[in-house]
Amino acid sequence: MKPTFSPQDETWMQQALALAARAESEGEVPVGAVLVGPDGALLAEGWNRNIGDKDPTAHAEIVAMRRAGQALGNHRLVGCTLYVTLEPCAMCAMAMVHARLARVVYGADDPKTGAAGSVFNLLSDSRHNHRLVAEGGLLGDEAGRRLTDYFRRKRARPGL
């Protein structure tokens, strides 16, 4: 069943896409994330920073969750929704489970490492003590096109 997204969902995903553009402008893989509190207010933003920070864990989702945890003074992000332009990987998915997010909304599927249903389904696995709702495909064509174009340009450069 295809999810139904609200106008607010689309607004937040547009903001995540803008952050993906920022990541790309900084030489990173173009993925952006926005974390919204239970009241619908912005808590934190993140974009891929693993290349520049030389940190393999600095995915957009992790950056946003770290910032939200610092803002709230808590490692639990109960009732929050994360909007991200690419389906989360296993590392990010498990961080979402541990943070107790309520929901993740993502744009493009990741058929190689997606952990919200494409390859793995870690977010709703009944073996975990917390599960969250994962809804994909919101502005997925645009998010996917941005990633495809990025990797095509990267492969076309000699020496990279």
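An unreviewed UniProt entry lists the protein under the name tRNA-specific adenosine deaminase, with Arenimonas soli as the source organism. Under the heading Subunit (unreviewed entry), UniProt records this for the protein: "Homodimer."

Helix and strand content of the protein: 5 helices and 5 strands. The secondary structure elements of the protein, listed N-terminal to C-terminal, are α-β-β-α-α-β-α-β-β-α. A compact globule built from 160 residues should have a C-alpha radius of gyration of about 15 Å, and the protein, at 15 Å, falls within 12% of that. With respect to the three principal axes, the spread of C-alpha positions in the protein is 45 × 35 × 30 Å.

Below, the discussion takes up the environment of A18. Residue position: A18 is located in helix α1 (residues 7-25). On the accessibility criterion, A18 (48% relative accessible area) is partly exposed. Measuring from C-alpha to C-alpha, the distance between A18 and L77 comes to 23 Å, with 59 residues separating the pair along the chain.

Below, the discussion takes up the UniProt feature "active site" (unreviewed entry) in the protein. As annotated by UniProt and renumbered to match this structure, "active site" (unreviewed entry) occupies E61. Tracing the chain through its elements places E61 in helix α3 (residues 60-72). E61 gets classed as buried once you look at its relative accessible area, which sits at 4%. Those residues in contact with E61 that sit more than four places away from it in its chain are V31, A33, L82, V84, L86, P88, C89, C92 and M96.

As a further point, take the pattern of salt bridges. Considering all chains together, one arrives at 9 salt bridges under this definition. One salt bridge in this structure joins E135 and R103, with 2.6 Å as the shortest N-O distance. Here E135, found in strand β5 (residues 133-136), pairs with R103, found in strand β4 (residues 103-108); they are 32 residues apart in sequence, far enough to count as distant. Here E135 and R103 have matching classes, each one buried. Taken together, the shared-partner salt bridges connect R22, E26, R49 and D53 into one network.

The sites that UniProt annotates as "domain: CMP/dCMP-type deaminase" (unreviewed entry) are residues 7-120. Along residues 7-120 the backbone is 40% helical and 20% strand, and the end-to-end C-alpha distance reaches 29 Å.

If you walk through the whole model with that rule in mind, you get 1 aromatic pair. Summarising the aromatic geometry, the rings of Y150 and F151 are spaced 4.9 Å apart at their centres and angled 80° between planes, so their arrangement reads as edge-to-face. By relative accessible area, which is 7% here, Y150 ends up buried. Here the guanidinium or amino end of R67 rests over the ring plane of W47, the centre of that ring lying 5.1 Å away.

So, about α1. The α-helix advances 3.6 residues per turn, and as a result positions three or four apart in sequence lie on the same side. Taking 1.5 Å per residue as the helical rise, α1 with its 19 residues ought to reach 27 Å, and the 27 Å between its terminal C-alpha atoms agrees with that figure. Every buried residue belonging to α1 is among D9, W12, M13, A16, L17, L19, A20 and A23, and all of these are buried. Buried positions in α1, seen along its axis, are confined to an arc of 165° and lie on one side of it. Along α1, exposed side chains directed more than 90 degrees from the buried face belong to P7, T11 and S25. Buried positions along α1 lie against β1 (32-36), β2 (42-47), β3 (81-86), β4 and α5 (140-156).

Their axes nearest at 9 Å, the elements α3 and helix α4 (residues 90-99) cross at an angle of 25°. If you check the angle between α3 and α4, you find them roughly parallel. α4 is crossed by α3, and the crossing has left-handed handedness. Here E61, I62 and M65 of α3 come into contact with α4, specifically with M91, C92, A95, M96 and A99. Taken together, the residues that form the contact of α3 with α4 break down as 7 nonpolar, no polar and 1 charged.

Parameters at a glance
Residues numbered from 1 in each chain as written. Predicted model: local features only at pLDDT ≥ 70, side-chain atom pairs only at ≥ 80, totals over all residues. Heavy atoms only, no water. UniProt positions renumbered as here; feature names shortened; annotations may be inferred. Helix = DSSP H or I, 4+ residues; strand = E, 2+ residues; numbered from the N terminus. Rg over C-alpha atoms; globule rule 2.2 N^0.38 Å. Buried < 20%, exposed > 50% of the residue type's maximum accessible area, 1.4 Å probe, protein only. Contact = heavy atoms within 4.5 Å. Salt bridge = Lys/Arg side-chain N within 4 Å of Asp/Glu carboxyl O. Phe/Tyr/Trp six-rings, centres within 6.5 Å; stacked < 30°, edge-to-face > 60°. Lys NZ or Arg CZ within 6 Å of the ring centre and 35° of its normal. Expected span 1.5 Å × (residues − 1). Arc of directions from axis to C-beta. Axes fitted to C-alpha atoms, helices over the stretch in contact; angles between N-to-C directions. Parallel < 35°, antiparallel > 145°, perpendicular 65-115°, else oblique. Left-handed = near helix turned anticlockwise from the far one by under 90°. Nonpolar A, V, L, I, M, F, W, Y, C, P; charged D, E, K, R; others polar.

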